[in-house]
Amino acid sequence: MAVRNCTIVTEFFLTAFTEHREWRLPLFLVFLSFYLATLLGNAGMIILIRKDRRLHTPMYFFLSHLSLVDICYSSVIVPQMLAVLWEYGTIISRMRCAAQFFLFTFFASIDSYLLAIMAYDRYVAVCQPLLYVTIMTEKARLGLVVGAYIAGFSSAFVRTLTAFTLSFCGDNEINFIFCDLPPLLKLTCGDSFTQEVVIIVFAVFVMPACILVVLVSYLFIIVAIMRIRSPGGRAKTFSTCASHLTAVALFFGTLIFMYLRDNSDQSSGGDRVVSVLYTVVTPMLNPLIYSLRNKEVKEAIMKSLSRSRASGRP
């Protein structure tokens, strides 16, 4: 039986996607373009919501926070990944690794809570339209968003504190795009049962809880839509929810694949591809999803473009 090297690890070597050197430049350019599109798309969505009075509603208030979180969420991961590709691997200290893990968990948790809040917002708008204004007051929506940030911070703090009380030894190479818990657990010395429990607790009390809120909300929404007699009314009501459902499916689908399965059976190649989907692709697609499938956003974009053209004329 092989004896594992018990040298304590104080820094990690990130090497994701570096085994094929011919992929370095194409992947670097692709991820850089995705990141720039994420920054421009989400920043543009925030500016559009702030400038257009028709978008000063609870739904777009939550969407502006989702766009802000997506910018932060992607910025925690993508610059580090670009450095890994450019330098054929990057050394990262234990403290910096812990900081990245904390920020990733913080923003991912907020993303989950915001998507659940937006599903509840759609439920109130569709199923209780007469009470919508009294339920979704400015104070109520601000409280929901603040609660999402506090819950995200608490989850990230507990998970980071628990994970980095572990001792890491032997090989310090992490063949992954950032410091995440599944690849880190493979480098631990001794028993990591407590940390495995933390993963399960996080999975049970964050992801499934948020998914349950989304499913229950949309179950009531579907029942309400089926009661609408006009086909045009049904289509209009469903179109306001379709963009949110698409964003939910993209985000939670990849996270479920990553975290709600046995860590010992995970393949690093498949995990890296999935991690790119929820850290790089999803934040980039969210502005497109909400603009292409949302009439109000499309009208606001056209109005903004027409203003720009008018101001540019002599």
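Bear in mind the structure is a predicted one, so any value in this text is a computation, not a measurement.

Before going further, it helps to examine helix H3 (residues 94-127). The end-to-end C-alpha separation of H3 is 49 Å, in line with the 50 Å expected for 34 residues at 1.5 Å each. With 26 of 34 residues buried, H3 lies mostly within the body of the structure.

Core analysis: the largest hydrophobic core is formed by 89 residues, its most contacted members being Phe12, Phe17 and Phe31. Per element, the largest residue contribution to this core is 19 residues, and it comes from H3.

The next thing to look at is the packing of aromatic side chains. Across all of its chains, the model carries 18 aromatic pairs by this definition. Considering the side-chain rings of phenylalanine 102 and phenylalanine 153, the 5.7 Å spacing of their centres and the 85° angle between planes classify their relative orientation as edge-to-face. Taken as a pair, phenylalanine 102 in helix H3 and phenylalanine 153 in helix H5 (residues 138-163) lie far apart in primary sequence, 51 residues in all. Since its relative accessible area comes to 43%, phenylalanine 153 is described here as partly exposed. When the ring of phenylalanine 104 is compared with that of tyrosine 278, the centres are 6.1 Å apart and the planes differ by 40°; the resulting orientation is tilted. Note that phenylalanine 104 is positioned in helix H3 and tyrosine 278 in helix H10 (residues 268-292), a separation of 174 residues in sequence. Accessibility classification places phenylalanine 104 together with tyrosine 278 in one group, the buried group.

This part takes up the sheet that holds strand S1 (residues 11-14). Taking strand neighbours across the sheet as the criterion, the three strands line up as S2-S1-S3 in an open arrangement whose pairing is mixed. The strands lining the two open edges of the sheet, one partner per strand, are strand S2 (90-93) and strand S3 (173-174). Direction of pairing for S1 relative to S2: antiparallel, over a ladder of four bridges. Considered in S2, the bridge of phenylalanine 13 is made with isoleucine 91. Contacts from helix H2 (residues 58-86) reach S1 and S2 within the one sheet, and its direction differs from that of S2 by about 135°. Those strands touched by H3 are S1 and S2, and its axis lies near 85° from that of S2.

Two elements in contact, H2 and H3, have axes separated by 9 Å at closest approach and are oriented at 160°. As the angle between them shows, H2 and H3 are arranged roughly antiparallel. In this structure, H2 meets H3 at a crossing whose hand is left-handed. Classifying every residue of the contact of H2 with H3 by side-chain character gives 19 nonpolar, three polar and five charged.

Before going further, it helps to spend a moment on the UniProt feature "transmembrane region" (unreviewed entry) in the chain. Residues given the UniProt feature "transmembrane region" (unreviewed entry) here are residues 27-49, 61-86, 98-120, 140-158, 197-225, 237-260 and 272-292. End-to-end, the C-alpha atoms of residues 27-49 are 33 Å apart, and along that stretch the chain is 100% helix and 0% strand. Along residues 61-86 one finds 100% helix and 0% strand; the C-alpha atoms at either end are 38 Å apart.

It is worth spelling out the state of the cysteines at this point. Considering all chains together, one arrives at one disulfide under this definition. Here cysteine 97 pairs with cysteine 179 through a disulfide, and the sulfurs are 2.1 Å apart. The S-S bond linking cysteine 97 to cysteine 179 shows a torsion near -125°; that makes this disulfide left-handed. Residue cysteine 97 is located in helix H3, and its partner cysteine 179 is located in the loop between S3 and helix H6 (181-185); the two are separated by 82 residues in the primary sequence. Classification of cysteine 97 by relative accessible area gives buried; the value is 0%.

On to the packing of H3 against H5, then. It is the contact of H3 with H5, at a shortest axis distance of 8 Å, that shows an interaxial angle of 145°. Between H3 and H5 lies a crossing whose hand is right-handed. Residue composition of the contact of H3 with H5, by class: 17 nonpolar, five polar and one charged.

Basis of the calculations
- Residues numbered from 1 in each chain as written.
- Predicted model: local features only at pLDDT ≥ 70, side-chain atom pairs only at ≥ 80, totals over all residues.
- Heavy atoms only, no water.
- Helix = DSSP H or I, 4+ residues; strand = E, 2+ residues; numbered from the N terminus.
- Expected span 1.5 Å × (residues − 1).
- Buried < 20%, exposed > 50% of the residue type's maximum accessible area, 1.4 Å probe, protein only.
- Core = buried A, V, L, I, M, F, W, Y, C linked by side-chain atoms within 4.5 Å.
- Phe/Tyr/Trp six-rings, centres within 6.5 Å; stacked < 30°, edge-to-face > 60°.
- Pairing = 2+ DSSP bridges.
- Contact = heavy atoms within 4.5 Å.
- Axes fitted to C-alpha atoms, helices over the stretch in contact; angles between N-to-C directions.
- Parallel < 35°, antiparallel > 145°, perpendicular 65-115°, else oblique.
- Left-handed = near helix turned anticlockwise from the far one by under 90°.
- Nonpolar A, V, L, I, M, F, W, Y, C, P; charged D, E, K, R; others polar.
- UniProt positions renumbered as here; feature names shortened; annotations may be inferred.
- Disulfide = S-S within 2.5 Å.

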